[in-house]
Structures are given as structure tokens and as C-alpha cells.
Amino acid sequence: MKRLLGLLLFAQFLFLSAEAMAQGLPAPSYWKNERGSELFIWSANSGAIQGTFTNHAQGFACQGIPYPASGAVSPTGLYFVVTFAQCNSFTRWVGKTNGSQMPTSWTLFYVDKNGKPGKLKGADLFTRVW
């Protein structure tokens, strides 16, 4: 009987942990950053997140096209990556949800016109729209 009770408590712990992670980044949810770019999360299962990201940042190429976004969320934070194939680049965001806001830092990896790799770093603050 004690084993059964222990197993049930463990199962409830796993269920509540998964629920807490889902609350950290709910799916579906729609987020916008201060540059006007949009992140739509349509799935957050077992810590894996899937969605789309549409760039609207001035001064950057590949704007207005929804690109696949994928990553992971845990109790300590989250990350997601978007590959902008048409622009020979990809960006990784790392952050944490804080209520309806998600402060992130990002690193953009790219290949310039001469074939030389490069990177840029910055920060975005995403705000949950719904």
C-alpha cells in the first residue's frame, strides 16, 4: 500500500511539474517584441516548444515571412531557434517568462556576402498579446 501511495504521489509530482512548465509558456499563445516581431507558440508538449516567428525588425532582412520556431522550456528558462534560410542565418533566443513578459537575449549567426560567418547579439522583450 505504501508503494502504491508513493507511486501515486510521484505521478502527481510529474503531472504538476509538466503543468507548471506549460504555464511558463502556454500554448497556444501569441507574443510580440518591442521591434514588432511576432512569436506564435502553438505547442508546448513535454518541454518542447513549436511555433512560428515573423520578423518585423527594421534593418534586418527576411521580414514578414513566418518561419518555424522550435526550442524547449523548463522551470529555469527557455530557448527557441529560428532558421532564416533565405537569408543564410539563424537566431537563438534565450530567456525566461515573467508573467506576461518574456525578456530574452539573442544571438544572430549569419554568412555575409563574402561567405564569411559572423554574429550579432542583442536583447528583446516579448509581451504576451493573448
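Residues numbered from 1 in each chain as written. Predicted model: local features only at pLDDT ≥ 70, side-chain atom pairs only at ≥ 80, totals over all residues. Heavy atoms only, no water.

Per an unreviewed UniProt entry, the protein goes by Avidin and derives from Bradyrhizobium diversitatis. Per UniProt, the protein carries the Subcellular location (unreviewed entry) text "Secreted". (UniProt positions renumbered as here; feature names shortened; annotations may be inferred.)

Colleague: Honestly, the overall build of the protein in this entry has me stumped. Any pointers?
Modeller: What the protein contains, in helices and strands, is one helix and eight strands. N-terminal to C-terminal, the α/β element order of the protein is α-β-β-β-β-β-β-β-β. The 130 residues of the protein split such that 31% are buried. For the protein, restricting intrachain contacts to residue pairs at least 6 apart in sequence, the fraction spanning at least 24 positions comes to 31%. (Helix = DSSP H or I, 4+ residues; strand = E, 2+ residues; numbered from the N terminus. Buried < 20%, exposed > 50% of the residue type's maximum accessible area, 1.4 Å probe, protein only. Contact = heavy atoms within 4.5 Å.)

Colleague: What exactly am I supposed to notice about the state of the cysteines here?
Modeller: Among covalent bonds in proteins, the disulfide is the one between the sulfur atoms of two cysteines. The tally for this structure, following the rule as stated, stands at one disulfide. Covalent S-S linkage joins Cys62 and Cys87, the inter-sulfur distance amounting to 1.8 Å. Classification of the bridge connecting Cys62 and Cys87 rests on its S-S torsion, roughly 115 degrees, and on that basis the disulfide is right-handed. Within this pair, whereas Cys62 is found in the loop between β3 (48–54) and β4 (66–74), its partner Cys87 is found in the loop between β5 (77–84) and β6 (89–95), the two being separated by 25 residues in sequence. Its relative accessible area of 24% is what places Cys87 among the partly exposed residues. (Disulfide = S-S within 2.5 Å.)

Colleague: Looking at this structure, how should I read the sheet that holds strand β7 (residues 101–111)?
Modeller: Hydrogen bonding along the main chain pairs the strands of a sheet, whether they run parallel or antiparallel. Pairing is antiparallel in the closed barrel, where eight strands are placed in the order β1-β2-β3-β4-β5-β6-β7-β8. In this sheet, neighbouring strand axes are inclined to one another by 30 degrees on average, regardless of whether the strands run parallel or antiparallel. For strand β1 (residues 29–33) and strand β2 (residues 38–45), the ladder comprises four bridges, and the chain directions are antiparallel. When the sheet's bridge partners are listed, Ser29 is paired in β2 with Ile41. (Pairing = 2+ DSSP bridges. Axes fitted to C-alpha atoms, helices over the stretch in contact; angles between N-to-C directions.)

Colleague: Would you mind going over the environment of Asn45 with me for this structure?
Modeller: Position of Asn45 relative to the elements: it lies in strand β2. Given a relative accessible area of 53%, Asn45 falls into the exposed group.

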